Amino acid sequence: MLVDQRRSDAASPGRHRVTVLGSFSITRDGTPVPLGSDVGRLVAYLAVHRGRQRRADLAGDVWPGLTAALARHLLDEALASVDAVADAAGLLDMGPLLALHPDVSVDLDEAMALVRELAGAPGRAPEDPLGGADLLRADILPGWTAAWLAVERERFRQIRLNALEELSGVLSAHDRHDEAVALAEEAVRTAPSRDSARRALIEAHLAQGGIAEAVAQYDEYQELLRCSVGAPSAFGLDGLLPPAPAWPVLRVRQPMPRMTPPRALARTGRARRFVTGGSTPGTVR
């Protein structure tokens, strides 16, 4: 229900929308709003920090390394640019303290609302988990190098990974195994060396009865750790799998090459040793 409400709000006529998950955009009624790069930096900052901001602090964070006077000048120019674009009317809440207008929808807000919804109803499976999880598939502004962004990006990354893992477990408990596997796979794609993500995926496969898939994930993770840190996991993932020697036989093995029978070799006139140190058929050692 909450997912449907978010989609309805995003499509409401006359409203601005700002996206910061995966990529940055400013639109009004689905049409991009033409604003410069300095305005983009300002709007991105306000989208991630939804509270009202003091102008001096805002200018210093968005344009670091400059004098306070120059940073404030760039802020004033950016605000003037917003005023000059008709489609940007209503984007910012102007005043002594700056913020995005309350009616502006932001995808990061929707993602955090989804996380709070899941936390507020532990153990309850949403009707459309994959649709809602679209909001949890990307980091905040990947590729941007602004100093103010690093902490917020990592904070949201941990939040979304925890949410994906938790939701995967809930769906497995409700026998919605395909969806549980898909969400756990998304967590593993985001953080391949994250132990809890691999655990969530292994548990989802096992709940579905996919022991071979679970073993394959275990082996892949162990090999990743050997290559990256020189040692396998010490976090007890072995305990998730059936006891040895039942499960090692499930590992993928390369098929043995087919060998030509001795009689066929004799007919073709070719000679071949089948045992190291043995004699060639038809000869005396």
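Below is a short write-up of the structure. (Residues numbered from 1 in each chain as written. Predicted model: local features only at pLDDT ≥ 70, side-chain atom pairs only at ≥ 80, totals over all residues. Heavy atoms only, no water.)

### Topic: the sheet that holds strand β3 (residues 31-32)
We apply this condition: Only strands joined by at least two bridges in the DSSP assignment are considered to pair. The helix count covers DSSP runs of H or I at least four residues long, the strand count covers runs of E at least two residues long, and both are numbered beginning at the N terminus.
The strand order β3-β2-β1-β7 describes an open sheet built from four strands, whose pairing is mixed. Edge positions in the open sheet fall to β3 and β7 (105-106), since each of these has one partner strand only. Pairing of strand β2 (residues 25-28) with β3, which is carried by two bridges, proceeds in the antiparallel orientation. Considered in β3, the bridge of Thr27 is made with Pro32.

### Observations regarding unusual backbone geometry
Leaving glycine out, the prevailing phi sign among residues is negative, and the prevailing peptide bond configuration is trans. A positive phi is found at Leu141, a non-glycine position, where the angle reads about 45°. Examined against the element boundaries, Leu141 turns out to sit in the loop between α6 (129-133) and α7 (149-173). For Asp175, which is not glycine, the phi torsion reads 60° and is therefore positive. Tracing the backbone through its elements, the reader meets Asp175 in the loop between α7 and α8 (177-190).

### Details of the sheet that holds strand β5 (residues 92-93)
Stated precisely, the cut-off is as follows: Contact between two residues is taken to exist if any of their heavy atoms lie within 4.5 Å; hydrogens are not considered. To define axes, lines are fitted to C-alpha atoms, for helices over the stretch in contact only, and angles between the resulting N-to-C directions are given on a 0 to 180 degree scale.
Pairing within the open sheet is antiparallel, and its three strands lie in the order β4-β6-β5. The strands lining the two open edges of the sheet, one partner per strand, are β4 (53-54) and β5. Sheet topology places β5 next to strand β6 (residues 97-100); two bridges connect them, and they run antiparallel. Counterpart to Asp93 in the pairing with β6 is Ala99. Along the sheet face, helix α2 (residues 37-48) touches β4, β5 and β6 and points at about 85° away from the line of β6.

### Section: the nonpolar core
Selection rule: The nonpolar core is taken to be a set of buried Ala, Val, Leu, Ile, Met, Phe, Trp, Tyr and Cys residues, with the residues joined through side-chain atoms within 4.5 Å. Between buried and exposed lies partly exposed: a residue is buried under 20% and exposed over 50% of the maximum accessible area for its type, with that area taken using a 1.4 Å probe on protein chains only.
With 60 residues, the main nonpolar core has Val18, Leu100, Leu108 and Ile140 as its most contacted residues. Elements represented by at least two residues in this core include exactly α2, α3 (55-62), α4 (68-84), β6, α5 (107-120), α7, α8 and α9 (195-207). Excluding anything up to four places from it in sequence, Leu108 contacts Val20, Leu21, Ala47, Val48, Ile140 and Phe156.

### Some details on the environment of Gln217
Following the sequence through the fold, Gln217 ends up in helix α10 (residues 211-229). For Gln217, a relative accessible area of 15% puts it in the buried group. Sequence separation of Gln217 and Ile202 is 15 residues, and the distance between their C-alpha atoms is 6.6 Å. Setting aside residues no more than four positions away along its own chain, Gln217 makes contact with Arg198, Leu201, Ile202 and His205.

### Observations regarding the pattern of salt bridges
Counted only if it meets this: The salt bridge criterion pairs a side-chain nitrogen of Lys or Arg with a carboxyl oxygen of Asp or Glu, the two atoms within 4 Å.
The full count for this structure, using the stated rule, is 16 salt bridges. Among the ionic pairs, Arg41 bridges to Asp38, the shortest N-O distance being 2.4 Å. Residue Arg41 and its partner Asp38 are both found in helix α2; the two are separated by three residues, about one turn of the helix. By relative accessible area, which is 37% here, Arg41 ends up partly exposed. Residue Asp38 is classed as partly exposed on the basis of its relative accessible area of 25%. Close ionic contact of Asp57 with Arg54 constitutes a salt bridge, the shortest N to O distance being 2.7 Å. Judged by its relative accessible area of 48%, Arg54 is partly exposed. Counted as one network, the salt bridges with shared partners bring together Asp134, Arg137, Glu186 and Arg189.

Read these as spatial facts, not as claims about activity.
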